[in-house]
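Chain by chain, the residues:
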Amino acid sequence: LLSPQELRSGRFWRGVLAELVATLIFVGVVLGASAAPGPLAPALAGGLVAGGLVCTLGGPQANPALTLALLCTRKLSALRGAAGVLAQCTGATLASAAARAALLDDTGLVTKVSAVGTAGTALAWETFATFQLVLAAFAAAEHTAPQAGLALGSAVAAGALAAVRTPPYPTCPGGPHPTSPSPPCLPQGPFSGGSMNPARSLGPAIVTGVWDDHWVSWGHPRTPPQSPS
């Protein structure tokens, strides 16, 4: 366990700084990719940057869901976990402010419950996507960086895509018949945004002031099974 005296250690503060920088990079990349139409770009960007961070920075959580899971399984002390979550939320807010200043509008910044779904549906998908991400992180903890990065990056991308509602024949005002081979509309939107990362949802909510159904990003359980010994 971490004692209060370790607040004076360089190792502790290097870990906090790594969480801030890693979350800033992760959220910044995902928000930049969210400017592209469709869910594929942010899902791939999130997976690639998550894998890259594991291989380069030694595996910072960069995600309050992972940090809270480590707390629940007693792999982190309360002090280290609290400092990590605060650093993650700070990094996400800085990345969100930069993204909002750089992008033409706020489209794609805020994770929202789909207009075709409900908060309950969004919560179910967010719970499922986050659980498989945390499970992958725990299972890959004992592997080398390339393998762990591939596992975690794949879980991020898969979870983001799983939380997207893609009806086979979207109906568009004035559009062609549903059997048309080239429907002109994009899918009707995400169930929950596929955040799997409360900091990724919190940062944009702070800078835009849009808090609609924000609780969905924090409301799912985060305790995974114990990692294999």
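Note that the structure is a prediction, hence the values are computed from the model and not measured.

Definitions and limits used
- Residues numbered from 1 in each chain as written.
- Predicted model: local features only at pLDDT ≥ 70, side-chain atom pairs only at ≥ 80, totals over all residues.
- Heavy atoms only, no water.
- Helix = DSSP H or I, 4+ residues; strand = E, 2+ residues; numbered from the N terminus.
- Buried < 20%, exposed > 50% of the residue type's maximum accessible area, 1.4 Å probe, protein only.
- Contact = heavy atoms within 4.5 Å.
- UniProt positions renumbered as here; feature names shortened; annotations may be inferred.
- Core = buried A, V, L, I, M, F, W, Y, C linked by side-chain atoms within 4.5 Å.
- pLDDT = per-residue confidence, 0-100.

### Side note on the overall build of the protein
Consideration 1: Within the protein, the secondary structure is distributed over seven helices and two strands.
Consideration 2: The secondary structure elements of the protein, listed N-terminal to C-terminal, are α-α-α-α-α-α-β-β-α.
Consideration 3: A buried classification covers 43% of the 229 residues belonging to the protein.
Consideration 4: Sequence separation of 24 or more characterises 76% of the internal contacts of the protein that already satisfy a separation of 6 or more.

### Here's the deal with the UniProt feature "transmembrane region" (unreviewed entry) in the protein
Consideration 1: Cross-referencing UniProt, the feature "transmembrane region" (unreviewed entry) maps to residues 12–34 in the present numbering.
Consideration 2: End C-alpha to end C-alpha, residues 12–34 measures 33 Å, and it is 96% helix and 0% strand.

### As for the nonpolar core
Consideration 1: Of all hydrophobic cores here, the largest spans 27 residues; its most connected members are F26, V27, L133, V156 and M196.
Consideration 2: When contributions to this core are tallied by element, the ones reaching two or more residues are α1 (10–33), α2 (40–57), α4 (78–102), α5 (119–139) and α6 (145–162).
Consideration 3: The contacts of L133, once residues within four sequence positions are left out, are N63, L152, A155, V156 and M196.
Consideration 4: Within the second largest apolar cluster, six residues are counted, among which are L66, L76, V134 and F138.

### Some thoughts on the side chain of S77
Consideration 1: Tracing the sequence through the fold places S77 in the loop between α3 (64–72) and α4.
Consideration 2: Given the relative accessible area of 7%, S77 is considered buried.

### Details of the confidence of the model for the protein
Consideration 1: When the pLDDT values of the protein are averaged, the result is 77; 73% of them are 70 or greater.
Consideration 2: Ranking the elements of the protein by mean pLDDT puts strand β2 (residues 189–190) last with 46 and α4 first with 93.
Consideration 3: Contacts for the low-pLDDT stretch residues 165–189, under 50 throughout, to residues beyond four places or in other chains number 24 contacts.
Consideration 4: Note on residues 220–225: pLDDT under 50 across the span, and 21 contacts to partners over four residues away in sequence or across chains.

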